[in-house]
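Survey of secondary and tertiary structure
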Amino acid sequence: MEVVPLGPGFAAELRGVTLADVVNHDSAYAEVRAAFEEHSVLVFRDQEVTDESQLAFSRRFGPPEVTKVGSLGTGTHFVILTTIDKDGKVVPPDHRYALRNKANQLWHTDSSFKSTPALASILSARIIPADGGETEFASTRLAFDRLDAAMQSRLENSFAWHHYGHSRAKIAPGLATSEELAVLPPQCWRMVWKNPVNGRNALYLASHAYAVDGMDPVAGEKLINDLTERATAPGTTYVHAWRGGDVVMWDNRATMHRGRPWPAHEARHMVRTTISATAVDGLESMRPPPRIAAE
Ligand code: OGA
Ligand code: MN
């Protein structure tokens, strides 16, 4: 396996390894897992991807999420991000599918609004537009390193509230349905996720984060927005331009990402699998103390 660096200090392409190798060989899994802990975003090119091969690969890294209500693919292990309707036509820009893509164009980390957050996401390109439609990544580990020591230690002991309704309300009223909101109450997580393998800290932020526990609401939201802006500053990101056969995997503990726009009349169809974080991924240290959780 060859590791080819792609981004400014994070993200790498893995060559000489396939999804099937990771499924079938413990040694390939161990190498890819180590690269995941180190580089945060991994790109596999020229893969033969089916839903089954993607899921088998994904399962290596932990338990796959079951897709929530209100998302295409609900009840399965797949999230389908598409602009194609059931008749095979590209949907208009105000269609719910298109608005969901628009919500993905806010900087975020997947599943921070769930009661179990995500370790990793695995995204495969099935239909890609001729222009645009890239996915952009920022390293919240490198962003943490760029903060001064006082801010670092403050954030290590701070907790933020995350809510699905918060990010969706930025796009369109009613985009999050009452059915979704009923099963997705606000969640509170530490603002820094320490990687248990290498001890590196990363900011844990997202478009879903709306308040900092114990802070004035306006000041807390401003802090979240300022940190997001610094974490995603020009020159610090990796932009992935999709090709057929690409599979990209990222560490939701140490990155944020956003989709980039593309011409509305062009089809785009992507399939994501998402792996829940577990104790070995450092999940327990992310939980707030009982004083906060009881609120
Ligand atoms: C995702 C996501 C962005 C994109 O799959 O979690 O945010 O470019 N995707 O489709
Ligand atoms: Mn996402």
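This write-up is about the structure you can find in this document. Just so it is clear, the model here is predicted, and its values are computed rather than measured. (Residues numbered from 1 in each chain as written. Chains lettered and ligands numbered in written order. Predicted model: local features only at pLDDT ≥ 70, side-chain atom pairs only at ≥ 80, totals over all residues. Heavy atoms only, no water.)

**Focus: the overall build of the chain**
Helix and strand counts for the chain come out as ten helices and 15 strands. Its C-alpha radius of gyration of 18 Å places the chain within 12% of the 19 Å reference for a compact globule of 295 residues. The principal-axis extent of the C-alpha atoms belonging to the chain is close to 50 × 45 × 35 Å. For the chain, with 295 residues in total, the buried portion stands at 54%. Within the chain, counting contacts between residues at least 6 apart in sequence, those at least 24 apart form 80% of the total. Only carbon and sulfur atoms are counted for the fraction: they give 55% of the accessible area of the chain, which is about 12600 Å². (Helix = DSSP H or I, 4+ residues; strand = E, 2+ residues; numbered from the N terminus. Rg over C-alpha atoms; globule rule 2.2 N^0.38 Å. Buried < 20%, exposed > 50% of the residue type's maximum accessible area, 1.4 Å probe, protein only. Contact = heavy atoms within 4.5 Å. Areas by Shrake-Rupley, 256 points an atom, 1.4 Å probe, with all protein chains shown as cover.)

**A short note on the pattern of salt bridges**
Counting across every chain of the model gives 16 salt bridges. The salt bridge involving Glu284 is made with Arg287; its shortest N-O contact spans 2.9 Å. A residue is classified by how much of its surface remains accessible, and Arg287, at 35% relative accessible area, is partly exposed. One salt-bridge network, in which partners are shared between bridges, spans Arg33, Glu37, Asp251, Arg253 and Asp281. (Salt bridge = Lys/Arg side-chain N within 4 Å of Asp/Glu carboxyl O.)

**Some points on the coordination of the manganese ion (ligand 2)**
When a metal holds four donors in a tetrahedron, each ideal angle between them is 109.5 degrees; when it holds six in an octahedron, the ideal angles are 90 or 180 degrees. Protein coordination at the manganese ion (ligand 2): the donors are His108 (NE2), Asp110 (OD) and His257 (NE2), at 2.1 to 2.2 Å from the metal. Spacing between the donor residues of the manganese ion (ligand 2) along the chain follows H-x1-D-x146-H. Highlighted residues: His108 in the loop between α4 (96–103) and β5 (118–127) and His257 in strand β14 (residues 255–259), separated in sequence by 149 residues. Per residue, the accessibility class of His108 equals that of His257, and both read buried. (Donors = N, O, S within 2.8 Å, 3.2 Å for Na, K, Ca; no water.)

**Looking at the pairing of strand β1 (residues 2–5)**
Looking down a regular strand, the side chains alternate between one sheet face and the other. The sheet contact formed by β1 and strand β2 (residues 12–15) spans four bridges and is antiparallel. Paired with Glu2 across the strands is Arg15, a residue of β2. Between β1 and β2, which pair antiparallel and follow one another directly, the connecting turn spans six residues, one of which, Gly9, has a positive phi of 90°. (Pairing = 2+ DSSP bridges.)

**So, the site of ligand 1**
The full set of residues close to ligand 1 is Leu81, Asn104, His108, Asp110, Leu123, Glu134, Thr135, Trp250, His257, Gly259, Arg268 and Arg272. Measuring from an oxygen atom of ligand 1, one finds a side-chain N or O atom of Asp110 at 3.1 Å. A distance of 2.6 Å separates an oxygen atom of ligand 1 from a polar atom in the side chain of Arg272. When the free accessible area of ligand 1 is taken as 290 Å², the share hidden by the protein chains comes to 99%. Per-class residue counts for the shell around ligand 1 are three nonpolar, five polar and four charged. (Near = heavy atom within 4 Å. Polar contact = N/O pair within 3.5 Å; in protein donor to acceptor, adjacent residues only side chain to side chain. Nonpolar A, V, L, I, M, F, W, Y, C, P; charged D, E, K, R; others polar.)

**Observations concerning unusual backbone geometry**
Working note: non-glycine residues mostly have negative phi, and peptide bonds are mostly trans. The phi torsion at Ala11 lies on the positive side, around 75°, for a residue other than glycine. Here Ala11 shows up in the loop between β1 and β2. The class for Ala11 is buried, based on a relative accessible area of 1%. One non-glycine residue with positive phi stands out, namely Asp46, at about 55°.

**Some points on the packing of aromatic side chains**
Evaluated as defined, the whole model comprises eight aromatic pairs. Aromatic pair Phe44 and Phe57: ring centres 5.5 Å apart, planes at 80°, arrangement edge-to-face. In this pair, Phe44 is assigned in strand β3 (residues 41–44) and Phe57 in helix α3 (residues 51–59), connecting sequence segments 13 residues apart. On the basis of relative accessible area, Phe44 is assigned to the buried category, the value being 0%. With a centroid separation of 5.2 Å and 55° between ring planes, the pair formed by Phe57 and Phe61 is classed as tilted. The class for Phe61 is buried, based on a relative accessible area of 4%. Taken together, the ring pairs connect Tyr29, Phe36, Phe44, Phe57 and Phe61 into an aromatic cluster. (Phe/Tyr/Trp six-rings, centres within 6.5 Å; stacked < 30°, edge-to-face > 60°.)

**Focus on the pairing of β14**
Within β14, five of the five residues are buried, which leaves the element mostly enclosed by the surrounding structure. Neither face of β14 is left uncovered, since the one carrying Thr255, His257 and Gly259 and the one carrying Met256 and Arg258 both have all their residues buried. Here strand β6 (residues 135–139) pairs with β14 via five bridges, running antiparallel. Paired with Ser139 across the strands is Thr255, a residue of β14.

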